[in-house]
Structures are given as structure tokens and as C-alpha cells.
Amino acid sequence: MSAALEVIGGIAGTAAASAALLSGDRRLRAAAMFAGLALAAALVLGHAWDHQLTHVRERPPELVAIVIALAGGLGLLAAAFIRWPLLLPLALIAVLPFRIPVDTGSETSYLLIPLYLVIGAGVLAEAAALFRGDAREIGAPRGVARWLSIALAASIVLYALQATYSSDVSRAGQNIAFFLIPFAVMFALLREVEWDSRLLRYALFVVAGESLILALTGIVQHEAGHIFWNSKTMESNEFDLNFRVNSLFWDPNIYARYLALALVLIVGALLWVRDMRRFALGTLAVAVIFTGMAFAFSQTSYFALLAGVVVLCALRWSLKWTAIGCAAAVLVAAIALVAGAGNSVEVKSGKGNTTDQTTSGRSRLASGGLKLAKARPLGGFGSGSFAVEFAKRNPLTNNEAAVSHTEPVTVAAEQGAVGVLVYLGLLLASALLLLAGLRELAPGLGGRAPPEPTVVAARIAIAAAFAGLVVHSIGYAGFLTDPLTWALLAVGSALATLRP
């Protein structure tokens, strides 16, 4: 597929996804979701047709069999979602973290295939419900929920537009097709669900159960001294003191990110539990999940977990005392850091870049990204261009990849001041939405929770988890390209419109 077609397809696909985010007409929204997914699939197939899919293209019967199997699977899933509506949101939450290794000939890619299948089936179920005469109307998002939808739509459309001058159109196209379009459709599906207390509890059980399985897998990997898939991490484990695990993920940091956010959600629920038996079981689950996360040795995930817990304390108990405690902790940490840095051998001898070593090379990537942003401050170098532009200006070692690990720096380098403004607007809209109305409901803000606090507890936990995700994206990137971002905002958007 030519670069021009990729750009045109990306712009059209993000425009359709934006219509799904903003439209108040149910039929138009369903059509926009279907069009967006179709364009995303066309981008993926067009990119892979001349390269990774040559062996399938040369065997028409095999291609037909794959299409029939895919259509049948989507049909069966859609039928299940129509028969049992609660399955759709629970299935979306259940498949969020799972990537399937796919051999594409020259390399192995790890794709969110289960999530794509559930999203596609969800759109088919919505279309079938409309065709059968389902009269349930879903209005356009209003108030802060509409501002969030506008910010999300602006973010993905701008990304597609800035691919027009990117030095790596292929990377931009992949981000649009694999992440931005399908995740926007998923957001539209989750936002329209009626998130009552029962469904929220089911969703928490799904997250907790999967997190336990993932954590136990990581613990077993650590004890066995063997991990799955990631050969680079396997090699580094041979020389590092810390044996890092990845459970069923490819990247240990993404594995730890998922568990950190799951811990925030689980702890957020435990803060409201009065039954000691349930509290004890929840605490045991937290201990197991934290142990599994610890063996990933992901510094950024610790900060994400800490940020989430701080927000939980502020909203559940006291904003003032949480702020005082955080200020004292930061002061003590700063003193310890300065004292430790001054006594280090590297600093005393003047050898080595201790900042770069401490951050595993990320400070070099961040400083290089800032130089890129300074070179083109207004519009950046184009969507998806960071790796290409960084490699042009900085020599890389054999094992080093020019992948930014700091989301704001990536946005500044690729999208310039325009992209940074949209990114900050999205963060502001997200914060306003997740905190809307909590002044009257969150005890830490002086409010009074209702007798049945499930919805309020869920809103506080989601706000805290989103704070942790933002912190993790600053240290390890992956904001709008992480389905967790869209899922948290979608459920938060639905709950913000409810009166508990």
C-alpha cells in the first residue's frame, strides 16, 4: 500500500471513529463504528498484503477458509452478546491485556487479536439490535463527557493529519489501525453500557481474577528461572542481578503496568469493604498480585502504583493530610537522593552518566526527543516519526532501540506545540470528567457517600487508576496506544452521568 493511501485511509478512519465518539444518533454511531473498523482492517491488510501475507495470498482456499472462520467466530460472539448483554463489557475488560504472537514471516508480532474480535462482534451486535428494531435511544455525550469526547476525537484526527508529513508513515498507519481506531470504537461501546452496581462488581472480579493468574504465572517464572517469548529479556536476565519476568506479556514493564493499575482498582474497592472475611480475601489477593508485579522490577510501575494509592487516600479520607504526607515524603526522598548521588563512586570519579544508567538509557532518549521538539517546535516531525528521526541524529548501539519512553516528549517531538496543546487538553478534560461531582460524594473532599457506595467507590478507584496510568506513560510512554486508557475513560464517562 502506498504512503498516500495509508494517510488517506488513516484520516478517513479516525474521522469515522470520531463520529462514533460524538454522534447523538444511534444509527449514525453504529455506522461510524462499522466504517472505522472496516477502514482500520483495510489499512492492516493493505500494509501486510505485499509482505507478511504472501504465503496466504498464494493459497486462495486457505484465505477463503480464514475469512469464513473469522466471520463465523464474529457471528457467534455477536449472537452471545445479543442474548446476554452483560457479556460484552465483561469480555472487553477480560481481553484487554492479552496479545497473541503472530508469525508474519520476517518477525513475530504481538497483536491484541482477542480484543479486536470482541470489538468487532460488539459492533455487529449493535447493528443487529438496530436492525431488529431496538428502540433504545442513546443521546450524545453532554457536559464534561462531551468535552472528553471532543478531546479524544481531536487527538486521533490530529495524529492522522500529522502523518501527512511524517518520515515514517508506516509506523503512523500502524498506530492508527491497530490502536487509535479500534480503541475509539471500544470506548463508544463501553460508554453506552449501563454500569450498575452488579456489573461493576463483576468487572472487578474479572480484573482481580485475571491479575491473580498473571501474577502467579510471573511468580512461577521467577522461581523456575524461565520466561516466555521475549528473547531480549532472557538474554539480559543472564547478566543482571534481578531476574525479570513478563508472565503472559511480551514486555515486563507492560505486565507490571497492568498489575499496578489492577492493584489500585482492587485496593480502591477494599477501602469500602466492611465484611472482614471479604477484606481478608482481598488483602491476600493484593499481596499475591503485588509479589507478581515486584518480580517484573519495573520502576515506573512502582511510581504508577504509588500515584494511584495517593489519589485513593486523598479522595477516600483527606485531601489535606494526603498532600501534607506527600510533601514530607518528597522532601525526605529528595534529601536521600542528593546524599546518595553525592556519595556514589561514579560522581566522585567523574565517570559515567549516572542519570542515564539509573533510567536505563531513557534520559538519553528524552533529551534527544527534546532536541527534536526544539528543531521543529510548531508541528514536529510528524506522527510515528520519533524512532527514525532520533536514529538519524544519535548513534545507536547494537542492542539499543530508538523508542521514546516519555509520552509528553514523544508528543512534542512528533506533533509539536499543536500536539502538546491537544494532549494537555485531553488530560484536563479527563481529570474534569473523572472528578465531576465528587466534591459532594468523596469523603476526602468533604462530601458524603451514599448508603450504597459502589458507584462512588468505582469512580474514585477509576480516577486513581487513571492517575497511575498517566504517571506510567510519562515514564514508559503508551497513553492512547494502551487500551486501558480508553477503557478507564469510557467507564468513568458512563459513571459520571449517573446519580448514585
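Structure first, text after, so check above.
Here the structure is a predicted model, which is why all the values come from computation and not from measurement.

**Focus on the overall build of the chain**
When helices and strands are counted, the chain shows 21 helices and two strands. Counting all 500 residues of the chain, 48% fall into the buried class. In the chain, the share of contacts with a sequence separation of at least 24, taken over all contacts with a separation of at least 6, comes to 74%.

**Some remarks on the environment of Leu 216**
In this fold, Leu 216 is placed in helix 9 (residues 197-224). Residues Leu 216 and Met 293, spaced 77 residues apart in sequence, show a C-alpha to C-alpha distance of 9.7 Å.

**Some words on the pattern of salt bridges**
Applying the stated rule across the entire model yields six salt bridges. Among the salt bridges present, the one from Lys 392 reaches Glu 389, with a minimum N-O distance of 3.5 Å. Taken together, the positions of Lys 392 and Glu 389, both in helix 18 (residues 386-393) and three residues apart, correspond to about one turn of that helix. Relative accessible area serves as the criterion here: at 58%, Lys 392 is assigned to the exposed category. Between Arg 393 and Glu 389 there is a salt bridge whose closest N-O contact spans 2.7 Å. Taken together, the residues span about one helical turn, with Arg 393 and Glu 389 both in helix 18 at a distance of four residues. Each of Glu 389, Lys 392 and Arg 393 takes part in a single network of salt bridges with overlapping partners.

**Notes on the side chain of Arg 316**
On the secondary structure map, Arg 316 appears in helix 13 (residues 299-316). Of the side chains bearing the opposite charge, Glu 452 lies closest to the buried Arg 316, which forms no salt bridge; the N-O distance is 12 Å. A polar atom in the side chain of Arg 316 sits 3.3 Å from the backbone oxygen of Leu 271.

**Comments concerning helix 5 (residues 87-95)**
Where burial is concerned, most of helix 5 is hidden: eight out of the nine residues are buried. Among all positions of helix 5, only Leu 88, Pro 89, Leu 90, Ala 91, Leu 92, Ile 93, Ala 94 and Val 95 are buried.

**Considering the packing of helix 1 (residues 3-22) against helix 8 (residues 169-191)**
As a packed pair, helix 1 and helix 8 sit with axes 9 Å apart at the nearest point and diverge in direction by 15°. Our classification of the angle between helix 1 and helix 8 gives roughly parallel. Where helix 1 crosses over helix 8, the two elements pack in a sense that is left-handed. The segment helix 1 lies against helix 8, with Ala 3, Glu 6, Val 7, Gly 10, Gly 13, Thr 14, Ala 17, Ala 20 and Leu 21 engaging Val 169, Ser 170, Gly 173, Ile 176, Ile 181, Ala 184, Phe 187, Ala 188 and Arg 191. A per-class count over the contact of helix 1 with helix 8 returns eleven nonpolar, five polar and two charged.

**With respect to the layout of surface pockets**
Space inside the second largest pocket adds up to approximately 1300 Å³. Considering the residues around the second largest pocket, the lining is formed by 41 residues, among which Leu 200, Arg 201, Leu 204, Leu 265 and Ala 269 are closest to the centre. Elements represented by at least two residues in the lining of the second largest pocket include exactly helix 9, helix 11 (252-270), helix 12 (276-294), helix 20 (454-476) and helix 21 (483-496). The biggest single contributor to the lining of the second largest pocket is helix 9, with eight residues.

**Some points on a nonpolar patch on the surface**
On the surface, Leu 70, Ile 100, Ile 113 and Leu 117 cluster together into a nonpolar patch covering about 280 Å² of accessible area. Positionally, Ile 113 belongs in helix 6 (residues 113-131).

**Focus: the side chain of Ser 18**
Residue placement: Ser 18 occurs in helix 1. Note on Ser 18: relative accessible area 8%, which makes it buried.

**Looking at the nonpolar core**
Leu 92, Leu 115, Leu 152, Met 186, Trp 195 and Trp 486 are the most contacted members of the largest nonpolar core, which has 117 residues in total. In terms of residue count, the dominant contributor to this core is helix 8 (15 residues). Dropping the residues within four chain positions of it, Leu 115 is found in contact with Leu 92, Val 95, Leu 96, Phe 183, Met 186 and Pro 483. Ranked by size, the runner-up nonpolar core spans six residues in total, among them Leu 372, Phe 381, Phe 386 and Ala 413.

**So, helix 7 (residues 144-161)**
Look at helix 7: 26 Å from first C-alpha to last across 18 residues, which is about the 26 Å you get at 1.5 Å a residue. Taken together, the buried positions of helix 7 are occupied by Ala 145, Leu 148, Ser 149, Ala 151, Leu 152, Ala 153, Ser 155, Ile 156, Leu 158, Tyr 159 and Ala 160. On its buried face, helix 7 is in contact with helix 1, helix 8, helix 19 (407-435) and helix 21.

**Some words on the environment of Gly 419**
Note that Gly 419 resides in helix 19. Here the alpha-carbon distance between Gly 419 and Ala 154, two residues 265 residues apart in the chain, equals 9.7 Å.

**Topic: the packing of helix 20 against helix 21**
In contact at an axis separation of 10 Å, helix 20 and helix 21 are set at 150° when each is read in the N-to-C sense. Taken together, helix 20 and helix 21 sit at an angle that is classed as roughly antiparallel. Seen along the crossing, helix 20 lies across helix 21 with a hand that is left-handed. For the pair formed by helix 20 and helix 21, the contact residues are Val 455, Ala 458, Arg 459, Ile 462, Ala 465, Phe 466 and Leu 469 on the first element and Leu 484, Thr 485, Leu 488, Leu 489, Val 491, Gly 492, Leu 495 and Ala 496 on the second. Looking at side-chain class alone, the contact of helix 20 with helix 21 contains twelve nonpolar, two polar and one charged residues.

**What to know about unusual backbone geometry**
Phi is positive for Ser 247, close to 50°, though the residue is something other than glycine. In this structure, Ser 247 sits in the loop between helix 10 (231-237) and helix 11. The backbone of Phe 297 shows a phi angle near 50°, a positive value even though the residue is not glycine. The topology assignment puts Phe 297 in the loop between helix 12 and helix 13. The class for Phe 297 is partly exposed, based on a relative accessible area of 30%.

**Here's the deal with the packing of aromatic side chains**
In this structure the tally under the stated criterion is ten aromatic pairs. Geometrically, the ring pair formed by Phe 187 and Trp 486 is edge-to-face, given 6.3 Å between the ring centres and 80° between the ring planes. Taken together, the positions of Phe 187 in helix 8 and Trp 486 in helix 21 put the pair 299 residues apart, joining distant regions of the chain. A relative accessible area of 0% means that Phe 187 is categorised as buried. The class for Trp 486 is buried, based on a relative accessible area of 1%. Here a set of aromatic residues connected by ring pairs shows up, and it is made of Phe 249, Tyr 255 and Tyr 258.

Here is what the cut-offs are and how they apply
- Residues numbered from 1 in each chain as written.
- Predicted model: local features only at pLDDT ≥ 70, side-chain atom pairs only at ≥ 80, totals over all residues.
- Heavy atoms only, no water.
- Helix = DSSP H or I, 4+ residues; strand = E, 2+ residues; numbered from the N terminus.
- Buried < 20%, exposed > 50% of the residue type's maximum accessible area, 1.4 Å probe, protein only.
- Contact = heavy atoms within 4.5 Å.
- Salt bridge = Lys/Arg side-chain N within 4 Å of Asp/Glu carboxyl O.
- Lys, Arg positive; Asp, Glu negative; His and termini not counted.
- Polar contact = N/O pair within 3.5 Å; in protein donor to acceptor, adjacent residues only side chain to side chain.
- Axes fitted to C-alpha atoms, helices over the stretch in contact; angles between N-to-C directions.
- Parallel < 35°, antiparallel > 145°, perpendicular 65-115°, else oblique.
- Left-handed = near helix turned anticlockwise from the far one by under 90°.
- Nonpolar A, V, L, I, M, F, W, Y, C, P; charged D, E, K, R; others polar.
- 1 Å grid on protein atoms, 1.4 Å probe; cavity = no way out; pocket = protein on both sides within 12 Å on 5 of 7 lines; lining within 4 Å.
- Points joined across faces, edges and corners; volume = space filled by probe spheres on them.
- Patch = residues over 30% accessible without salt bridge, like charges linked within 9 Å, V, L, I, M, F, W, Y side chains within 5 Å.
- Areas by Shrake-Rupley, 256 points an atom, 1.4 Å probe, with all protein chains shown as cover.
- Core = buried A, V, L, I, M, F, W, Y, C linked by side-chain atoms within 4.5 Å.
- Expected span 1.5 Å × (residues − 1).
- Phe/Tyr/Trp six-rings, centres within 6.5 Å; stacked < 30°, edge-to-face > 60°.

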